[in-house]
Amino acid sequence: MESKLRYYFGSMVFLSGLILSISAIGFAIMVNLKRTSDPSEIITTYGLLGAGLSFILLGINLMVSQRRPYGLYSNWVMIFGFLSSIFGVTLFASLYPGGWAYPNVSYVSFAYAAGICLLSGNAFANAVLKLIEERSTQLAETGSVNQYSIEDIEKEVEKTLNRSFSDATSFSKFNLGIKEEKSDFVPGKTLKESKQDRIEVKDSIREVECLQNTISGKVKVDDYGIDLTTKMLSATMKQNAEVQDKSLSSKLKTKLNSMRR
Amino acid sequence: MAKGLDVGTMNIICAEKGKGDSISFAQQRNAFLEMEAGDLAQNMLNSAKILYTQKGDIINVLGEDAFKFSNVFNKPIRRPMKQGIISPDEKESIPMIKLIIERVLGQPEKDGEIAYISVPASPVDSNVNVLYHSKTVEALAQRLGYQTNLIDEGLAVVFSELGDFNFTGIGISVGAGMTNITVAYLATPIVSFSIARGGDWIDEQVSSATGVANERITAIKESDFSLDSEYEIGSVQGALALYYDALITYLIANLKKKLLEVAPPDAEFPIAIAGGSSRAKGFLEMFEKRISEANLPINISKVKKNKYTTSDSKDPIYSIARGCLIASLTREEAEVVEENGEEKTEKAKKAATA
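Since this is a predicted model, take the numbers as computed values, not measurements. (Residues numbered from 1 in each chain as written. Chains lettered and ligands numbered in written order. Predicted model: local features only at pLDDT ≥ 70, side-chain atom pairs only at ≥ 80, totals over all residues. Heavy atoms only, no water.)

K.L.:
Before we go on, may I ask you to explain the overall build of chain A in this structure?
P.N.:
Per the secondary structure count, chain A includes eight helices and two strands. Overall, chain A shows an N-to-C arrangement of helices and strands of α-α-α-α-α-β-α-β-α-α. The proportion of buried residues among the 261 residues of chain A is 25%. Restricting the contact set of chain A to residue pairs at least 6 apart, pairs at least 24 apart contribute 82%. With the model as given, the accessible surface of chain A reaches about 18,400 Å², and the carbon-plus-sulfur share is 63%. (Helix = DSSP H or I, 4+ residues; strand = E, 2+ residues; numbered from the N terminus. Buried < 20%, exposed > 50% of the residue type's maximum accessible area, 1.4 Å probe, protein only. Contact = heavy atoms within 4.5 Å. Areas by Shrake-Rupley, 256 points an atom, 1.4 Å probe, with all protein chains shown as cover.)

K.L.:
Before we go on, may I ask you to explain the overall build of chain B in this structure?
P.N.:
In terms of regular secondary structure, chain B is built from ten helices and 15 strands. Counting only residues that meet the buried cut, chain B has 58% of its 354 residues in that class. Put simply, 66% of the contacts in chain B that link residues at least 6 apart link residues at least 24 apart. For chain B, the accessible area works out to roughly 14,900 Å², and carbon and sulfur atoms hold 49% of it.

K.L.:
Is there a simple way to explain the UniProt feature "transmembrane region" (unreviewed entry) in chain A in this structure?
P.N.:
Residues and elements named next belong to chain A. Under the present numbering, the feature "transmembrane region" (unreviewed entry) in UniProt falls on residues 7-31, 43-64, 76-96 and 108-129. End C-alpha atoms of residues 43-64 are separated by 31 Å, and the span's content is 100% helix alongside 0% strand. This span, residues 108-129, is 100% helix and 0% strand, and a straight line between its end C-alpha atoms measures 32 Å. (UniProt positions renumbered as here; feature names shortened; annotations may be inferred.)

K.L.:
Quick question: what am I supposed to make of the pairing of strand β13 (residues 188-195) of chain B here?
P.N.:
The side chains of a regular strand alternate, first on one face of the sheet and then on the other. Residue and element names in this part refer to chain B. Where strand β12 (residues 179-185) lies against β13, seven bridges are found, and the strand directions are antiparallel. Pairing of threonine 179 across the sheet is with isoleucine 195, part of β13. Adjacent in sequence and paired antiparallel, β12 and β13 are bridged by two residues, among which leucine 186 carries a positive phi angle near 50°. (Pairing = 2+ DSSP bridges.)

K.L.:
Is there a simple way to think about the packing of aromatic side chains in this case?
P.N.:
Given two aromatic rings, their pairing is described by the distance between the two centres and the angle made by the two planes. Residue and element names in this part refer to chain B. Summed over all chains, the structure comprises 13 aromatic pairs over all chains. Ring centres 6.0 Å apart and planes at 20° place the aromatic pair phenylalanine 225 and tyrosine 231 in the stacked group. You can call phenylalanine 225 buried: its relative accessible area is 7%. For tyrosine 231, a relative accessible area of 29% gives the class partly exposed. Look at tyrosine 244 and phenylalanine 283: their rings are 5.8 Å apart centre to centre, the planes differ by 80°, and that puts the pair in the edge-to-face class. Placement of the pair is tyrosine 244 in helix α8 (residues 236-261) and phenylalanine 283 in helix α9 (residues 283-294), with a sequence separation of 39 residues. In this structure, tyrosine 244 and phenylalanine 283 share a single accessibility class: buried. Aromatic rings pair up to connect Phe225, Tyr231, Tyr244, Phe283 and Phe287 into one cluster. (Phe/Tyr/Trp six-rings, centres within 6.5 Å; stacked < 30°, edge-to-face > 60°.)

K.L.:
Could you clarify how one ought to interpret the sheet that holds β12 of chain B in this entry?
P.N.:
Strand pairing in a sheet is mediated by backbone hydrogen bonds. Such pairs are either parallel or antiparallel. Residues and elements named next belong to chain B. What the five strands build is an open sheet, ordered β13-β12-β11-β14-β15; its pairing is mixed. Each edge of the sheet is formed by a strand with only one pairing partner; in this case those strands are β13 and β15 (299-304). With direction set aside, neighbouring strand axes in the sheet form an average angle of 20°. Of the pairings in the sheet, the one linking strand β11 (residues 169-174) to strand β14 (residues 268-274) comprises four bridges and is parallel in character. In the strand pairing of β14, glycine 171 is matched with alanine 272. Across the face of the sheet, helix α5 (residues 153-161) comes into contact with β11, β12, β13, β14 and β15 while running at roughly 120° to β11. (Axes fitted to C-alpha atoms, helices over the stretch in contact; angles between N-to-C directions.)

K.L.:
Can you help me understand the side chain of lysine 98 of chain B in this one?
P.N.:
For lysine 98 of chain B, the location among the structural elements is in helix α3 (residues 93-105). Every residue in contact with lysine 98 of chain B, bar those within four places of it in the chain, is listed here: Leu140 and Arg143 of chain B.

K.L.:
Even after reading the chapter, I still don't get the pattern of salt bridges, so can you show me in this structure?
P.N.:
Oppositely charged side chains may form a pair once their charged atoms are brought near each other. All told, the structure shown has 17 salt bridges over all chains when counted by the stated rule. Arginine 198 of chain A is the partner of glutamate 16 of chain B in a salt bridge, and the nearest nitrogen-oxygen pair spans 3.0 Å. In this pair, glutamate 16 of chain B sits in strand β2 (residues 11-17) while arginine 198 of chain A sits in the loop between α6 (189-193) and β2 (199-202), so the two residues belong to two different chains. The class of arginine 198 of chain A is partly exposed, set by a relative accessible area of 35%. Two residues, aspartate 89 of chain B and lysine 82 of chain B, come together in a salt bridge whose shortest N-O distance is 3.0 Å. (Salt bridge = Lys/Arg side-chain N within 4 Å of Asp/Glu carboxyl O.)

K.L.:
I would appreciate a short explanation of the confidence of the model for chain B in the present structure.
P.N.:
Detailed reading of predicted coordinates is not advised where the pLDDT is low. Residues and elements named next belong to chain B. Put simply, chain B has an average pLDDT of 87, and 96% of its residues get 70 or more. Across chain B, element-level confidence peaks in strand β1 (residues 3-7) with a mean pLDDT of 95 and bottoms out in helix α2 (residues 64-73) with 81. For residues 307-313, every residue scores under 50 in pLDDT, and the model assigns this stretch 16 contacts once sequence neighbours within four places are set aside. Reported for the predicted complex are a pTM of 0.65 and an ipTM of 0.80. (pLDDT = per-residue confidence, 0-100.)

K.L.:
Help me understand the environment of phenylalanine 269 of chain B in this model?
P.N.:
Residue and element names in this part refer to chain B. For phenylalanine 269, the location among the structural elements is in strand β14. For phenylalanine 269, a relative accessible area of 0% gives the class buried. The spacing of phenylalanine 269 and serine 301 is 32 residues in sequence and 5.6 Å in space, taken between C-alpha atoms. If near-sequence neighbours (up to four positions away) are discounted, phenylalanine 269 is found in contact with Thr168, Gly169, Ile170, Val183, Ala184, Tyr185, Ile190, Ile298, Asn299, Ile300, Ser301 and Lys302.

K.L.:
Would you mind showing me how to read the packing of helix α6 (residues 199-210) of chain B against helix α7 (residues 214-223) of chain B here?
P.N.:
Geometrically, a packed helix pair is captured by the angle between its two axes and the distance between the axes. All names here are of chain B. Here α6 crosses α7 at 120°, and the two axes come no closer than 9 Å. In the crossing of α6 with α7, the sense of the turn from one axis to the other is right-handed. Here Gly199, Asp203, Glu204, Val206, Ser207 and Thr210 of α6 come into contact with α7, specifically with Asn214, Ile217, Thr218 and Lys221. In the contact of α6 with α7, the residues fall into two nonpolar, five polar and three charged. (Left-handed = near helix turned anticlockwise from the far one by under 90°. Nonpolar A, V, L, I, M, F, W, Y, C, P; charged D, E, K, R; others polar.)

K.L.:
Teacher, can you tell me more about unusual backbone geometry here?
P.N.:
The general pattern is negative phi for most residues beyond glycine and trans for most peptide bonds. Look at the link from tyrosine 96 of chain A to proline 97 of chain A: it is a cis peptide, with omega at 0°. We note that asparagine 295 of chain B has phi near 55°; this positive angle belongs to a residue other than glycine. Relative to the elements of secondary structure, asparagine 295 of chain B occurs in the loop between α9 and β15. Residue asparagine 295 of chain B is classed as exposed on the basis of its relative accessible area of 63%.

Here it is, written out as structure tokens:
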């Protein structure tokens, strides 16, 4: 609500700045402003134009400004910038034309330029921050991780790893159906009666357990990419657990309240 | 009980869990020899307990004995597979492979027993398509009642040999018909390919260079050859060493080319080598030397050595079947866990409704 109000206020300030600037240009055309024009005409035109530009930038700043923590310094910069530029305009109005000489011209120029630079720089920085924040909000919304439980995520990871294991070893889904044909080959006596010779060797085949661990993702690896993914997954799970805890505590509270009643 | 089946150009090997902490391997040579049938020949074969089949007046001697008879009768043996796949030139290939698979794999203890079968990856230097071979072999095992899964030969080597490295590394299977290579990261293949050269290619090249018969070259290679030794110019062993080096160089060149096409993760990649053609003495040392000179785009931590002894399960010839068995047992355990989980959920649901 607060941000919406700020946005509408900002747009009004922007609009008033625009009106001031357009009136300054209109006034200059109307009075046919020249170097030799009356000082009051020059003060009015440049005063309105200078103040108008400051209001336009202030409006933009108000519309795009961020909330805390980003907005903490941004607001100060915006206020200081606006005051500095208005101070420049006021100083110009008071000094022109009598005191319009060195070093007063430098003071006015510096105050106004500094104010405009601060306002425009602040607006640009805020716009960039807003873009980044909007993108992350979009991702968080589309991710919809909250609807899955930790168990679901763990199962999904295991399923994906298992799928990659079986995909890597699958070739074609087509199965050749072989008809039980009558063979022309008559097996010899040994082929029919004797058993196949076998070599038995001692081997605990501990690779089976290792492979099970590897394909279920329970193996430690020194890989930055995998570590990062694991951390992200763990953070998602933690976030999910917190949400679940919250919902559990809120459920308990509701139950407690209903019991009290 | 889950099983692993390695269908190779030279050998068909089945691995299954034995009694206690052991693996039981059943092996048959993937070859046969045609002979004329007759009462005398049949009696002789029966008394010598030799595996054979009869079709009309033709007898086909199967497996290891086919090699022995080939030397005795000076007749060429026939091979159902060529360059890693079912031979299109051999009309009896499928019935022969079927017989050998039935023999080594046996009947399943229960219907739907899991079996992982090794198949070659697509070759990079040949137009050969491995799909027909893969699906045929799978169908032959399926009709016995197995629930089959196919696995790359290279990946089977990774499963068998690189367990200590979290199944990250390069698995190379130097077979008779093909050489299969898989680069895996955490049991997931990154690159998988094969080259249409292996032990048979070496034999053929040496045979055509020296004029010695192919079978004789194979015999010399398996009994009287080491890559560490020095041989005279013009000798069979000298030519064998030369072509082994050519095969290794070609393999590494193709591996480098393939690795440049992908972006492998920044990890240490050990290499494990398996397959019958890597049994030659000094093979691993030569491979280690060539790989260190190759400047591959990944970090090779070591070349894992398989010390060959006939009684050791780490014999490079058994590695692939062992890798298939590991994959089968892992899948079987995963299914058991899944079933238990489902049962628990159902029980919990029933309890909740009650």
